[in-house]
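Each chain, letter by letter, is given below.
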Amino acid sequence: MADLTDKQTFSDEDALEFHRSPTPGKISMAPTKPMATQRDLSLAYSPGVAIPVLAIAADVDKAYDYTSKGNLVAVISNGTAILGLGNLGHMASKPVMEGKAVLFKRFADVDSFDVEVKTTDPDEFITVVKNIGDTWGGINLEDIKSPECFVIESELQDLLDIPVFHDDQHGTAIISTAGLINACHITGKKLEDIKVVLAGAGAAGLSSIGLMKAVGVRAENTVIVDRDGVIYKGRDNVDQWKAAHATDTPHRTLAEAMVGADVVLGLSAKGAITKEMVASMAPNPIIFAMANPDPEITPEDVASVRSDAIMATGRSDYVNQVNNVLGFPYIFRGALDVRARRVNHEMKVACAQALAALAREDVPDEVAMAYRGRKLRFGPDYIIPSPFDPRLIWYIPPFVAQAAMDTGVARKPIEDMDAYRTELRSRLDPSAALMQNISGAVRAAPNKRVVFAEGEETAVIRAAWGFKQAELGTPILLGREDLIRQNAAEAGLIFDDMGIEIVNARVSEHNADYTDWLYARLQRRGYLRRDVQRMINQDRNYFGAAMVARGQADAMVTGVTRNFNMVLKEVRRVLDVKNRMIGMSILLAKGRTLFVADTSIHELPNAEELAEIAIQAAETVRKLGKTPRVAFLSYSTFGNPPGDRGEKVREAIRILDARGVDFEYEGEMPPELALDPDARAAYPFMRLTGHANVLVMPAIHSASISTRLVQQLGGATVIGPLLVGLEKSVQIVSLGASVSEIITAATFAAYDEGAVAEG
Ligand SMILES: NC(=O)C1=CN([C@@H]2O[C@H](COP(=O)(O)OP(=O)(O)OC[C@H]3O[C@@H](n4cnc5c(N)ncnc54)[C@H](OP(=O)(O)O)[C@@H]3O)[C@@H](O)[C@H]2O)C=CC1
Ligand SMILES: CC(=O)C(=O)O
Ligand SMILES: [Mg+2]
């Protein structure tokens, strides 16, 4: 089996820091209506709100039309079976529930928040949820232990007229069944012939074996096992849910049951399956060790005793992630979109079959790139889609919605499935997709050596570590080795054998070469040799840039400890500009990706500079896999009102006309004309064929102020400014940048040195 050695890409402190900052937790709420004026307030609240109140009082289903109910799912737990960690209480489950909520949003654009209920008593739990349940369009029950979870789910489903879906049962059943269908495909085993052993007769296990039987596995070919051993017919102390799957079998232990088995499903706890058990299985065994966070047996242990196994775990850092994250976002997306009353058996089967079918289709390159550059092709190491597969959002929900419609549980059938698929495509979070695409391209390109100039800083060390763990390239930390190692150890990071390089400028073998080379560049610009020697010895930006210039590294990231302009001056003494250097920010908001230039270099660009900014920006955007459509922004619209700044833009347009560039551009115009083609009726001569995606600003202050404004007020994500146009790629982050900002900048730096993204 390939690629089993992926390792955890974070330390414990990283996980805590991730959850702690910049704001505690993983979700927040965003309004969908402006709340700016007296009128807005009157409509949103008293008196306007009374009108929908009365409409809903007359017909409760109107809540779907006038409130967020229809796109809202609650993730509800009491913390009695948190992952495979056990009963740790309702509050300890909150990070997991927030996590599920954020995955709903990220993967399926479903709004979601978590509810932690402080009771282990099923009746009390049911009473609480029953009484608040109408709030949502659906309820995702999570990490509630068995057998209580079975009663809780079925009673709540009877009491509420929305889907109540226990994810650990059915989400897991859907994914594991999809995986099993495909694993059988690959091994040539037939569902009706395979011998299946289930380790862990709880919520996830019993539901999974149930769904597998529904798609063809024969009951008499199954054996289920709990902590007390095999659940055979007639065993004492077996509850009704386990008893329903008990079989006539001579086996009494998991080890006995696994001899000659084709499939083992682990939905129990870490370490429950041993190498000896795996060794005793039939040829081409199918092993799904799905306990989280640690599987019943690791892929490494399986590989040490079997070379013919198909192996899956619940984790993202091994191949074949059989995890319910592939299911619940899309099940609910489809269910919500038809305002389903429940998620029934047919919808689950449709989802499992759709997932299995998608994995058998050809995998687009951008999906493969996001998966650490590995070529994904249907086979033993790719039996189900990757969670980052952008096709999931438009491929799976239509099958779920269709099954709901066919079985009469849809309140609002979908009339045009093709239109529905198109609508689903537009729901993906653009920032995630863009970074996924760029990181994928970096991973797929030959290894890049990236200098992290401020190598003694803890944030920089952590970023270098994350960069390396994510397989984005080889980081080189500049600084004193003992101090770097000490700071790394304090951050809980161990560097040994990781392939992170540490270079101390003072003792570097290249020190003399860099000094000679830089002195030759600067001697006629007022620098003495000893000045240059000091720069190389003492200033890591000079040394790092020299490494890049002289070919010992490909790219550099810096700026955490010093302001942009100072750093840029230093870098420019070492590196030349290719054509024209600009600063470009990427702005992600409301489903759009916009590129804004120039956000850091030209203070008041003249017409020639504006034209070149557009050319440089368009070229960069094209390299990012997008087709540039450039709008030159201004306070004026095609000469009205007249003015000096507007004239510079008009002149820039004439320059581009004369040069015959190969991208769309237009100006000058205000943002609404650039972004909304419907607003252009008065300007039929405009040449942009759609909304602009590259905004060339008239001056740096308007660029910088407007990007920050939309970031602060509009909730946009801003990446950059990225430095574009140097002969070698250097990214300067903002003072005090976070670990993830440094990793993003380093990724762009590596990307700029040759990787090419898909559109
Ligand atoms: N990959 C995925 O998508 C998912 C994975 N899971 C994982 O599955 C596991 C179970 O979750 P869930 O079903 O919700 O929990 P439950 O508490 O409902 O069930 C756990 C079951 O595992 C059994 N068990 C525990 N330890 C062993 C052991 N050493 N040998 C055999 N059986 C054992 C328990 O036995 P007994 O009944 O005797 O107590 C019980 O039947 C967790 O690790 C969870 O993380 C869950 C959902 C999704
Ligand atoms: C994945 C999941 O839901 C669990 O492990 O509980
Ligand atoms: Mg769970």
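On a predicted model such as this, the values are computed, not experimentally measured, just so you know.

The next thing to look at is the sheet that holds strand β17 (residues 629-633). Strand order across the open sheet formed by six strands is β18-β17-β19-β16-β15-β20, with mixed pairing between neighbours. Looking at the sheet topology across the chains shown, the edges are occupied by β18 (664-669) and β20 (717-726). Across the sheet, the mean angle from the axis of one strand to that of its neighbour is 25 degrees, orientation sign disregarded. Most of the contacts of helix α29 (residues 700-714) go to strand β15 (residues 577-589), to which it runs at about 25 degrees, and overall it touches β15, β16 (592-597) and β20.

Time to look at the UniProt feature "domain: Malic enzyme N-terminal" (unreviewed entry) in the chain. Cross-referencing UniProt, the feature "domain: Malic enzyme N-terminal" (unreviewed entry) maps to residues 24-157 in the present numbering. As annotated, residues 24-157 has a helix share of 42% and a strand share of 12%, and its two end C-alpha atoms lie 33 Å apart.

The tendency in soluble globular proteins is for nonpolar side chains to be buried side by side. In this structure, Ile 76, Leu 180 and Ile 396 are the most contacted members of the largest nonpolar core, which totals 100 residues. Those residues in contact with Ile 396 that lie beyond four places of it in its chain are Tyr 330, Cys 351, Ala 354, Leu 355 and Leu 358. Among the nonpolar cores identified, the runner-up in size contains 67 residues, and Ala 464, Phe 595, Val 649 and Ala 746 belong to it.

It is worth spelling out the site of ligand 1 at this point. Contacts to ligand 1 come from 25 residues, most closely from Ser 146, Thr 172, Ala 204, Lys 242 and Asn 324. A distance of 3.0 Å separates an oxygen atom of ligand 1 from a polar backbone atom of Ala 201. Between ligand 1 and Ala 204 there is a distance of 2.9 Å, counted from an oxygen atom to a backbone nitrogen or oxygen. Compared with its free state, where it exposes 910 Å², ligand 1 has 86% of that area covered by protein.

A cluster of nonpolar side chains, namely Met 35, Leu 41 and Tyr 45, defines an oily patch on the protein surface of about 350 Å² accessible area. By secondary structure assignment, the location of Tyr 45 is in the loop between α2 (38-44) and α3 (50-58).

Take the coordination of the magnesium ion (ligand 3) next. Coordination angles at a metal have ideal targets, namely 109.5 degrees for four tetrahedral donors and 90 or 180 degrees for six octahedral donors. Bound to the magnesium ion (ligand 3) are the protein donor atoms Glu 142 (OE), Asp 143 (OD) and Asp 168 (OD), situated 2.0 Å from the metal. When the donor residues of the magnesium ion (ligand 3) are listed from N- to C-terminus, their spacing reads E-D-x24-D. Of this pair, Asp 143 sits in the loop between β3 (138-141) and α7 (148-159) while Asp 168 sits in helix α8 (residues 167-187), and the two are 25 residues apart along the sequence. A relative accessible area of 2% places Asp 143 in the buried class.

Glancing now at the pairing of strand β5 (residues 196-199). Residues Val 196 and Leu 198 line one face of β5 and the alternating positions Val 197 and Ala 199 line the opposite face, and both faces are buried. Across four bridges, β5 lies against strand β6 (residues 222-226) in parallel orientation. Each bridged residue has a counterpart across the sheet, and for Ala 199 the counterpart in β6 is Val 225. Crossover handedness for the path β5 to helix α9 (residues 203-214) to β6: right-handed. One ladder, built from four bridges, connects β5 with strand β8 (residues 263-266); its direction is parallel. Note that in β8 the partner of Ala 199 across the bridge is Gly 266.

Near ligand 2 you find Leu 83, Lys 100, Glu 142, Asp 143, Asp 168, Asn 292, Asn 323 and Asn 324, and these make up its full shell. For ligand 2, an oxygen atom lies 3.0 Å from a polar atom in the side chain of Lys 100. One of the side-chain N or O atoms of Asn 324 is found 3.0 Å from an oxygen atom in ligand 2. Here ligand 2 has 220 Å² of accessible area as a free molecule, and 87% of this is covered by the chains. Class assignment of the residues belonging to the shell around ligand 2 gives a composition of one nonpolar, three polar and four charged.

Moving on to the confidence of the model for the chain. Overall, the predicted model of the chain reaches an average pLDDT of 92, with 96% of residues at or above 70. Across residues 1-6, where pLDDT falls below 50, the model places 19 contacts with residues more than four positions away in sequence or in other chains. Two summary scores accompany this predicted model of the complex, namely pTM at 0.71 and ipTM at 0.98.

Overall, parallel pairing links the four strands, which are arranged β2-β1-β3-β4 in an open sheet. Looking at strand neighbours, the two that pair on one side only are β2 (111-116) and β4 (164-166), the edges of this open sheet. On average, each strand axis in the sheet is inclined to that of its neighbour by 25 degrees, with strand direction left out of account. Inspection of the sheet shows strand β1 (residues 72-77) paired to β3 by four bridges, in the parallel sense. By the bridge assignment, Ala 74 is partnered in β3 with Ile 139. Across the sheet, helix α5 (residues 94-108) lies against β1, β2 and β3, angled at about 165 degrees from β2, the strand it touches most.

Quick notes on the rules
- Within each chain, residue numbers correspond to sequence positions counted from 1 in written order.
- Working convention: letters from A go to chains and numbers from 1 go to ligands, in the order in which they are written.
- The model is predicted, so local features are restricted to residues of pLDDT at least 70 and side-chain atom pairs to those at 80 or more, both for listing and for counting; the totals for chains, interfaces and linings are taken over all residues.
- Side-chain numbers here rest on the full set of heavy atoms in the structure, without hydrogens or water.
- Any two strands are treated as partners once DSSP identifies two or more bridges connecting them.
- Helix and strand definitions here come from DSSP, where helices need a minimum of 4 consecutive H or I residues and strands a minimum of 2 consecutive E residues; each element is numbered from the N-terminal end.
- In this description, a line fitted to the C-alpha atoms serves as the axis of each element, helices being fitted only across the stretch in contact, and the angle between N-to-C directions of two axes falls anywhere from 0 to 180 degrees.
- What makes two residues a contact is simply this: any of their non-hydrogen atoms within 4.5 Å.
- UniProt positions are given in the numbering used here, feature names are shortened, and annotations may be inferred rather than shown by experiment.
- Side-chain atoms within 4.5 Å are what join buried Ala, Val, Leu, Ile, Met, Phe, Trp, Tyr and Cys residues into a set we call a nonpolar core.
- Exposure is judged per residue with a 1.4 Å probe applied to protein chains only, and the accessible area is read against the type maximum: over 50% gives exposed, under 20% gives buried, and values in between give partly exposed.
- Think of it this way: one heavy atom of a residue within 4 Å of a molecule or strand is enough to make that residue near it.
- N or O atoms closer than or at 3.5 Å make up a polar contact, with two conditions inside protein: a donor-capable atom paired with an acceptor-capable one, and, for residues adjacent in sequence, both atoms drawn from side chains.
- Computed with a 1.4 Å probe, the accessible areas rest on the Shrake-Rupley method; for each residue, only the protein chains presented here act as cover.
- Candidates for patches are residues over 30% relative accessible area with no salt bridge; among them, like charges are joined within 9 Å and nonpolar side chains (Val, Leu, Ile, Met, Phe, Trp, Tyr) within 5 Å.
- Any Lys or Arg side-chain nitrogen located within 4 Å of an Asp or Glu carboxyl oxygen qualifies as a salt bridge.
- With water excluded from the atoms, a metal site may look incomplete; its donors are any N, O or S atoms within 2.8 Å, or within 3.2 Å for Na, K and Ca.
- Handedness of a crossover is defined as follows: orient the strands so they point away from the viewer, and if the path from the first strand over the helix to the second runs clockwise, the crossover is right-handed.
- When residues are grouped by polarity, Ala, Val, Leu, Ile, Met, Phe, Trp, Tyr, Cys and Pro land in nonpolar, Asp, Glu, Lys and Arg in charged, and all others, Gly among them, in polar.
- Scored between 0 and 100, pLDDT is the confidence that the predictor attaches to each residue.

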